[in-house]
Every structure is written in structure tokens, then in C-alpha cells.
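Overview (structure and organization)
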Amino acid sequence: MTRLSHALALAGVIALSAVLSPGPLSAQQSAEPDTSPTPEASDTLQAPGAPVEPAGSALDEQEPGGAMPAGAMPESGEASSVRAARKQREAGTDWPFWGAGPQADRYSPLTQITTENVGKLEKVWTYRSGDMPTGDAKGKYSPENTPLKIDQTLYLCSPMNIVIALDAGTGEEKWRYDPKVSTDAIPYGATCRGVSYYEVPDAAAGEACAKRIIEGTLDARLIAVDAETGEPCADFGENGSVDMWQGIGKKVPGWYAVTAPPAIVRGIAVTGAQVKDGQAEDAPSGVIRGYDAVTGELAWAWDLGDPDLTGAPPEGETYTRGTPNMWTTATGDEELGYVYLPLGNSAVDYWGGNRSEEENEYSSSLVAIDVATGKPVWHFQTVHYDLWDYDLGSQVSLVDFPKDGASVPAIILPSKQGDIYILDRRTGESLVPMEEIDAPKGGVEPENLAATQPASGYHALPRPDLQEKDMWGVTPLDQLVCRIQFRLAAYDGMYTAPTADRRWIEYPGYNGGSDWGSLAVDPEKGIIVANYNDVPNYNRLIPREEANRRNLKPINEETPGGGGGGKAEGAGDPQAGSPFGIDVNAGWRAPWTGIPCKRPPLGGIRAVDLATGKTLWDRPLGTARRNGPFNIPSFLPISIGTPNNGGSAVTAGGVVFIAAATDNLIRAIDLETGKTLWSDVLPAGGQATPIVYEEGGKEYLVIMAGGHHFMETPIGDYWIAYALPDG
């Protein structure tokens, strides 16, 4: 789940130098990051569901209805709070959605910054929020924020859910709203990826909260504030807040949290929540809920374990516990009235013997929900009987896909395995060839394993099976240890079954492939830009008796030392209620040096032709400047490819902007060639997705430098803007 780059990326990554056999280096953590200008060295290029009829189109005229009480649904099955489809703001002057425009393609049509002049970019303002970890929050910050730009204002959220408005031209703070989230609500990390913007239909000029910002919080509230003033919207829930713990069960801080912005479709704010992995089968539900964006009333709920329940559960009961959740960002389709949900797997990731038929049907699937009813329209599964935490982390992008001489409304769906799927967004049918490949057998539950796994014939990040020769190290000794570990482990290629008597190799690891940073798409040139990780995990199931001896307890139980259970991954997760806990060596880090056992590159970025799925260019992403063995940085600006966390933005000027890697650089890449054209050193880790917008006739690039504790990059509270010099 969102351990996303977790320890694997920490490791860092790579090579001492091009001369000293490049081997992975461990990312350094430093209170005072190196901000000296270090230019980057020149880079070397290297079962859908049944079809259904669409719910409607933008031409449908629906009258806004009154909100229903929580849990109630009209007899017709349509939520009365669903409003008519409206024209959406597009990216350009603004960046109005988390994914840029309503297509979630992270594309800007601006052309002021080009491949010819991007090298002249200079820093024009820096904003600091002041939200930095203290006390028990130290070592737990992973901000990952992408702002919105609406009219003359940027809207952002800090790690602890402080909503802030900035002047888009100067970076000066206009207002802030602090919902006072307690640090005990932090799950894997303090993360707020973004907020959502909504304009109330037919609101009177100057009416309070006619324009509003909606965010989900770590303590599972849905918050709405006035976009002009930052004041809570009195008409939304209780003074601007809706408690999402209702129907979930006993409140256990840190187990159930919202880290992604809701998708707002036809006036319904749709959200899931992150459920901390590896704790217990009896985990909070993965229920998806739609709330009226004006009143905050529950419009509908989709509980895959109880499909007849359309609202709140009866008093004293909860939504079905332990079901697959959606921790990442959904995509709305205002015209069809659908919202597309990338789901994870069940609460116990690495053992499935107690999963229900419904869990097996929907886990690791993209699900289309009709916001008028809250019911699934179709779903497309990317992993059968997922035992590898290959949940869907990326937001899908909406495109017009060329097919048989026509243009088909489609979805681009990337996966952690590296497959890219192209689906008809009306029906979920694949628009490209698909096949079912034979899957390995064995492990602790061979009778339950899927015989085959789905594979896309369109495009996959090529990952040949690992071999002993792929084991690396910065010394002969740690390379030897990695080769011995390789020989001792169970490994039958991708989908190797989990084992308890010895370690097994999971490749790719649960960070992908593609993760929450998602893809960028230039719809005019027909090019997909995908950054990816290329790192294995080295795992072992822990028999229950051993887990008990190690005192592995879930987060809802007290440990003898006091405080909730649920240790950092790698120290063991209990998976209570199943026969096994789990030890995950994320990134397969070698003893002593802490570097990954796999040779570099450990991460890259690739351009793919949208029409054919063919690779246009592929190159490592990230330098060794902040990485080295024993947490000692090499300061070498050699591009070797590090794990990365965050996404890219692509512009009509032919430029790809991305940070994401562990080297604290933001860089501009030529969309046509893959060559780095410009880079700058950030004051903290750049594990976020940049945005591009225009204000006062000037094109701006903005990135959050917030760092990431899992990536072992320095933590910061910076939002930094770049632009071309005047004149």
C-alpha cells in the first residue's frame, strides 16, 4: 500500500562511481541538505466486467435534488444529491485538479517554457508552511503534496492537513485553516497529496463557500472551507466537517486515514481511505463513500462485502471489515457520471485463505462506479488472488485512444507489475490484446493460487527474471552475500508464491512499476511518460507461533511496552487472524552496507507511443549525488537510476518536469529525446508531483520539497516556484 517507496527506496541506490563498479548506494538522511549547485551529468538513454450502457452524457439535464439523510436512498436507486453534468475547468492558465485537468493526464498546454529556453529557469519565490515534524512525529513525515491553481490562487495542504492559500504570482500566504489533526493519527507517514475544488451551482455572488476546498484528513474527516477566506463551510456536515469513522467501528488512530483528494463528480465527493497494511484481518472496511459536496450528507456507500447496503450500516454494525480499500486517487468522468477507483487487496496482503468470493473478485481491480447510484458499472482485475501487495496505486488517465480508425474514450491504467492497460472507459473492455500467463505454484497455500495472471499485450516495463549475475555490491563481500541470499531464496519469476520455510523474492517489489505518482500524457503528440521503480523485495512469511514469540501485535492491541502495535515494516507485521505474519525486506537491502542487492538502475523514466505502446526512449532517473554505502553520500552527479516517488508533468512546450528521485533534484527532460535539459538542487526531497500554470502572463513551475522518511530524503516544508527571467 502506501508504504510506497518505503524502505526500498531508502536504500538508495547506486554506484560509487562509473569507475568503481557502480553498485547501489544508500540514501543519506541529513538535517542540513546540500544545496550547492550540482548539474546533472549527461544522461544515457537506454477480466474486464460485462459491458453496460453508459449512465448518461454531458447533455443529460438533471435538476439538482435535495440531499438525503445519511444512509437513506431514494426508491429509484439514484442519489438525489447528484447534480447535472457541468463543463469542467481545464488545465492551462490553471491547474484545477490533482492530475492537472479532468483527464488526470498531468499535461499543460502552455508553451512559454520550451526545450530551447528551459535552461534559463530561475527560482522566483519560496514559501515555507512551518509544518515540520516534532516530538512523536519525527521520522514520520512524507508530504507528497501537489497543489491546485485556481484563478490567482494556489491551494495546498501540509502533511498534517493544514489547508493553505497562496498568491500564485508571489507565493505570499493569503490564509490558512488548521483542522488540528493529532499526530497519533499518522499511519505510515504524515501525507496530504492534495485537495479538491468545487463551485456550488447557482450560488449567489459573494455567498459564503460558493467556491470551496475539500480535503480528507489523517484522522478521517472530510473538511470543506471557503476558497476565498479559509473559513469552514457551515453548510457542510457539522461546521465544515464530516466524520468518516461513522460505520467503520472503534476508532484506532493511525489505522484508517485519508491521504488523497476526493474525486468530485456531478456534485458527489467520492473518497476511500488508507487502511494500514499488515495488521489484522479484522481491519477497517475498504468501503467507498460518496458525499454531497455542498451539504456533506452521505449520498451512497459501496461496500463490496454487502452490496445491498447503500448507505450507513444499521446502528451498532459496521461496513464489511478487512475488504480491499482505495488509498490512492480516483478519477472522475463528469460526462459519463462515473468515478474510477483503483483498489488494493485485502487487509492481509500475503495470505488469502480466509478471503471471501467478493474480495477475490474485486481485489487489485479498477472499478467504475455510477455516482447516481453508488453501484459498480464494471471492474477490471489486474492480479488474481493477489498475495504480493500489487494493489493499484496510480490514478488512471482519461484519453481518446485511436482504435480501428476511430477515437475511443479510454482509460490508461498502469500497474505495479509494470503492465499498462488500455480500457474502454464506458465498458471496461480492453482495447489492446490481453493474455493469461501461467503462474508459479508452491508456497504455503498452493491449492488457492491462481493458475494464470493477466498480462497486457500493449506495453510492460521489461523486467526479465532476476539471475544470480544481477546481484551487486560495493564490495566483493556484500555482493557475495547477496548471491548467497539469491541461491537460498524461493524464486520462480514474477508471482513467486509466498513461503515460510525460507525467503522468497518478489520482483518487482510492491513499489512498482508504477505507483501513486501516476503517468503523464501529452494528448497532442500522443506520448505517455512513465517513471518507474525497478527493485525487488526479499520476504518471508512468519508462522504464527514465531510471530507470537516476537510479540508482533496489530495496531489495535497494546504491546507490553505500551502504545499501539504495528511495527515498522521489516521489523515484522502481525497479519493477525491469519496463520502467518510477514517480514518484508523492501528493496532487498544487503546487511552492513544497506544497499539493494540488485544492480542499478533501480528506477527510470520512459516515453511510450500512445497509439502503439512502443518505447520511444528509456533512461535511468536519479543520480548518485546523495547516495552511498553506510549512509555516506558520494556527491557524484552520475545518472544511475534511483528509486523514485512522485510523478511528472508534461507541457506543450515539449518539456517533462520531474523530481521524485532520491537525489533532491528537480529536472527538465526533453520529451522527444529523454535528455536532461536543466536541473536544480532542492532544499529537501522532491517526492511530489510538480505543476505548471500561468499567472500574470508568466508561466510557472512549482514543486513541493517536503522530503520523505521512507525514501530517506531530508524533510522540508518548501514550495518552490521557477519561471523564466523577465525580458
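Please refer to the structure placed before this passage.
An account of the accompanying structure is given in this report. (Residues numbered from 1 in each chain as written. Predicted model: local features only at pLDDT ≥ 70, side-chain atom pairs only at ≥ 80, totals over all residues. Heavy atoms only, no water.)

A word on the state of the cysteines
When the sulfur atoms of two cysteines share a covalent bond, that bond is a disulfide. Considering all chains together, one arrives at three disulfides under this definition. Across the disulfide, Cys209 is cross-linked to Cys233 (sulfur-sulfur distance 2.1 Å). Disulfide Cys209 to Cys233: torsion about the S-S bond roughly -95°, handedness left-handed. Pair noted here: Cys209 is in the loop between strand E8 (196-199) and strand E9 (211-216) and Cys233 is in the loop between strand E10 (221-226) and strand E11 (241-243), with a separation of 24 residues, a long-range link. As far as burial versus exposure is concerned, Cys209 and Cys233 are alike and both buried. The partner cysteine of Cys482 in its disulfide is Cys597, sulfur to sulfur 2.0 Å. (Disulfide = S-S within 2.5 Å. Helix = DSSP H or I, 4+ residues; strand = E, 2+ residues; numbered from the N terminus. Buried < 20%, exposed > 50% of the residue type's maximum accessible area, 1.4 Å probe, protein only.)

Some details on the side chain of Arg83
Relative to the assigned elements, Arg83 resides in the loop between strand E1 (26-27) and strand E2 (107-108). Here Asp292 takes part through its side chain, which lies 3.3 Å from a polar atom of the side chain of Arg83. (Polar contact = N/O pair within 3.5 Å; in protein donor to acceptor, adjacent residues only side chain to side chain.)

A look at the sheet that holds strand E43 (residues 698-705)
Strand pairs in the sheet, formed through backbone hydrogen bonds, run parallel or antiparallel to each other. Spatially, the four strands line up as an open sheet ordered E3-E44-E43-E42, and their pairing is antiparallel. Lying at the two open borders of the sheet, with one neighbouring strand each, are strand E3 (122-128) and strand E42 (691-695). Between one strand and the next, the sheet's axes are offset by a mean angle of 30°, whatever the strand orientation. As paired strands, E42 and E43 are joined by five bridges and run antiparallel to one another. Paired with Glu694 across the strands is Glu699, a residue of E43. (Pairing = 2+ DSSP bridges. Axes fitted to C-alpha atoms, helices over the stretch in contact; angles between N-to-C directions.)

Brief notes about unusual backbone geometry
Here Tyr507 and Pro508 are connected by a cis peptide whose omega angle stands at 0°. Along the chain, Pro508 falls in the loop between strand E28 (504-506) and strand E29 (520-522). With omega at 5°, the peptide bond leading from Pro600 into Pro601 counts as cis. At Asp202, a position not held by glycine, the phi torsion is positive, near 60°. Of note, Asp202 is situated in the loop between E8 and E9. Positive phi, normally seen in glycine, also occurs at Trp588, with a value near 45°.

Concerning the environment of Asn537
Tracing the chain through its elements places Asn537 in strand E31 (residues 537-543). Put simply, Asn537 and Lys598 are 61 residues apart on the chain and 10.0 Å apart in space, counted from C-alpha to C-alpha. Of the polar contacts made by the side chain of Asn537, one reaches the backbone nitrogen of Gly587; its length is 3.2 Å.

Details of the pattern of salt bridges
Under the counting rule described, the total for this entry stands at 28 salt bridges. Note that Asp219 and Arg221 form a salt bridge whose closest N and O atoms lie 2.9 Å from each other. Across this residue pair, the class does not change: Asp219 and Arg221 are buried. The network of salt bridges with shared partners includes Arg89, Asp94, Lys149, Asp151, Glu199 and Glu695. (Salt bridge = Lys/Arg side-chain N within 4 Å of Asp/Glu carboxyl O.)

Details of a nonpolar patch on the surface
On the surface, a nonpolar cluster with roughly 570 Å² of combined accessible area is contributed by Leu477, Leu480, Ile484, Leu488 and Trp592. Locating Leu477 in the fold gives a position in helix H3 (residues 476-488). (Patch = residues over 30% accessible without salt bridge, like charges linked within 9 Å, V, L, I, M, F, W, Y side chains within 5 Å. Areas by Shrake-Rupley, 256 points an atom, 1.4 Å probe, with all protein chains shown as cover.)

Observations concerning empty space enclosed by the protein
If you roll a probe as big as a water molecule over the atoms, it shows you where there is empty space left. Empty space within the largest cavity amounts to approximately 80 Å³. For the lining of the largest cavity, a count of residues per class yields three nonpolar, nine polar and one charged. (1 Å grid on protein atoms, 1.4 Å probe; cavity = no way out; pocket = protein on both sides within 12 Å on 5 of 7 lines; lining within 4 Å. Points joined across faces, edges and corners; volume = space filled by probe spheres on them. Nonpolar A, V, L, I, M, F, W, Y, C, P; charged D, E, K, R; others polar.)

A look at the sheet that holds strand E16 (residues 288-292)
Pairing in this open sheet of four strands is antiparallel, and the strands run E13-E14-E16-E17 from one edge to the other. The open sheet is flanked by strand E13 (263-265) and strand E17 (298-302), the only strands paired with a single partner. Averaged over all neighbouring strand pairs, the angle between strand axes comes to 25°, with direction disregarded. Judged from the four bridges that link them, strand E14 (residues 268-271) and E16 form a sheet pairing that is antiparallel. The residue of E16 that forms the bridge with Val270 is Gly290.

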